[in-house]
Amino acid sequence: MSDDGGLSMQRLKAAVRGVREDLVEPALRAPAPRRKPVSRWLVALMGLVAIVLLAVNANQYAFSYGLGVPLGIVLGAVQSVALVAALWQPLRAWWASTLVMLVGAWTASALAPGRGLVFAIADPDRAVQAGWTPVTIGMQAAILFLLSLQVRPRVAIEALGLSVLAGFLARLYEPPAQGSAIGIAVILFAVVVLLGVSVRAGREARSKLVEQEELTAEERARRTLLEERNRIARELHDVVAHHMSVISIQAQVAPHLVENPPEELVENLAGIRANAVEALAELRRVLGVLRSEEPVADGTKDAPQPTLDRLGELLENVRAAGMTVELTTVGEPRTLPPGVELSGYRIVQEALSNAMRHAPGAAVQVQLDYRAAGLGVRVTNTRAARRPAPSPGAGHGLLGMRERTAMLGGELAIRPTTDGGFEVLAVLPTDVPAVEDRA
């Protein structure tokens, strides 16, 4: 028995401590700013309702409770203000409405002739009703609903329990023969709290879903960016590895092209070849790691990277797919740096792929502009001849164009045309500064 009594006392203390932490201490602290502004129309509507209920409630307190007009107006005004204030401070509004109900019940009991503080008078004709009335039940239900929308479910349930407890305490001041509205109040309070908790839970679930979708979209974009940069890195490694191999071979052959070469020249060329071979080995190791993360079938991972000389093959493949493509060249074609050649080819390839996907049946114009300081690439397509099929997922095309252009220090413009088509314009400079120079 003593163990059961001690356990019950611990549970009671824990419940009191929980109520104090959830309902009392937050109401005494400085109010936190509301995250979302309250609609002016809602405030105006609640204010209008509060004014109407003030007249009814003040009349109830003044005459039905027998408290007099001044005190009735004060108590009614507090509860009406609490109804509107629940939009911003629901916990404090709930405390004000609940305490005003108890104060009104106690004062009505104390002022009634022949009544004590606990039991009612024997004359039913002189009896006054205390506790939750129809008007205050509606106001308290609205406050509980607004409270349930803004606080945790546990806090809302605790407020529901204390509201019901306050109603039963007020019954101590009611005459025994008078009917009570506490039963209706309990049912209505429970329904509005359950509804408010459900609405809050649904709103939080939607908010978390939107947040998760945003995180997923960011992660998808980041993964797409990393994949495209990885692909560009593999291609550039191929180009660099090729040129390092050429340097190594030339350094090895150079001494044999001169009769009786000086020892200093032979040693320098040997050092150049050794450094080139070492750098080539490091590049191949890095390239092996990059390729192992995304293997390509049919041996294409070992194929040489394309240049602008192979642009004709690309256009023939596109024409074979049913798209009309024309190529024009401005300026004198010349051999460009490998990075510019590769990026120019890939930009044309990605632009043609986007045109085939998003503008089926359109005519495409590809223009290469060989300038003194670089290469200009323009790919323009007309309006789609038929409706494009849905494109699943996020593509790499536009992102790859931006990455390649930024890598070379160039400029990229992607914009719709006046006739409903689309245009991709890239300027790739040949005098690319080093990374540390650009920094």
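Each value, and the rule that gives it
- Residues numbered from 1 in each chain as written.
- Predicted model: local features only at pLDDT ≥ 70, side-chain atom pairs only at ≥ 80, totals over all residues.
- Heavy atoms only, no water.
- pLDDT = per-residue confidence, 0-100.
- Helix = DSSP H or I, 4+ residues; strand = E, 2+ residues; numbered from the N terminus.
- Contact = heavy atoms within 4.5 Å.
- Pairing = 2+ DSSP bridges.
- Axes fitted to C-alpha atoms, helices over the stretch in contact; angles between N-to-C directions.
- Parallel < 35°, antiparallel > 145°, perpendicular 65-115°, else oblique.
- Nonpolar A, V, L, I, M, F, W, Y, C, P; charged D, E, K, R; others polar.
- Buried < 20%, exposed > 50% of the residue type's maximum accessible area, 1.4 Å probe, protein only.
- Salt bridge = Lys/Arg side-chain N within 4 Å of Asp/Glu carboxyl O.

Quick look at the confidence of the model for the protein chain
Next, step 1: When the pLDDT values of the protein chain are averaged, the result is 77; 79% of them are 70 or greater.
Next, step 2: The secondary structure element of the protein chain with the lowest average pLDDT is helix α12 (residues 435-438), at 40, and the one with the highest is strand β3 (residues 374-381), at 93.
Next, step 3: Throughout residues 114-128 the model reports pLDDT below 50, and contacts reaching past four residues in sequence, or to other chains, amount to 31 contacts.
Next, step 4: Confidence over residues 434-439 falls short of pLDDT 50; this stretch has 4 contacts with residues more than four positions distant or in other chains.

Regarding the sheet that holds strand β4 (residues 411-416)
Next, step 1: On the basis of which strands lie adjacent, the open sheet formed by 5 strands has the order β1-β2-β3-β5-β4 and mixed pairing. Every interior strand has two partners, whereas the edge strands, β1 (324-330) and β4, have only one. The average undirected angle you get between the axes of adjacent strands in this sheet is 10 degrees.
Next, step 2: With 7 bridges joining them, β1 and strand β2 (residues 363-371) adopt parallel strand pairing. Residue pairing for β2: L327 is matched across the bridge by V366.
Next, step 3: Lying on the sheet, helix α9 (residues 311-320) is in contact with β1 and β2; it crosses β1 at an angle near 160 degrees.

Describing the packing of α9 against helix α10 (residues 338-358)
Next, step 1: Between α9 and α10, the least distance of the axes is 11 Å, while the angle of their chain directions is 5 degrees. Comparing their axes, α10 and α9 come out roughly parallel. Side by side, α9 and α10 meet where L311, L314, L315 and V318 of the first sit next to Y345, V348, Q349, L352 and M356 of the second.
Next, step 2: A breakdown of the residues in the contact of α9 with α10 according to their chemical character gives 8 nonpolar, 1 polar and no charged.

Some points on the pairing of β3
Next, step 1: Among the 8 residues of β3, 6 are classified as buried, and the element is accordingly described as predominantly covered.
Next, step 2: Relative to β3, β2 runs antiparallel, the two being bridged by 8 bridges. From the neighbouring strand, Y370 faces β3, where its bridge partner is L375.
Next, step 3: Counted along the chain from β2 to the antiparallel partner β3, the turn is 2 residues long.
Next, step 4: Bridge count for β3 against strand β5 (residues 422-429) is 8 bridges, and the pairing is antiparallel. Bridged to N381 within β5 is F422.

Notes on the pattern of salt bridges
Next, step 1: Scanning the entire structure with this criterion turns up 7 salt bridges.
Next, step 2: The residue R319 makes a salt bridge to E316 at a minimum N-O spacing of 3.0 Å. With R319 and E316 both in helix α9 and 3 residues apart, this pair spans about one turn of that helix.
Next, step 3: By relative accessible area, R319 is classed as partly exposed at 32%.
Next, step 4: A salt bridge links E423 to R378; the shortest N-O distance between them is 2.6 Å. Remark: R378 occurs in strand β3 and E423 occurs in strand β5; sequence separation between them is 45 residues.
Next, step 5: Residue class for E423 comes out buried when judged on its relative accessible area of 11%.

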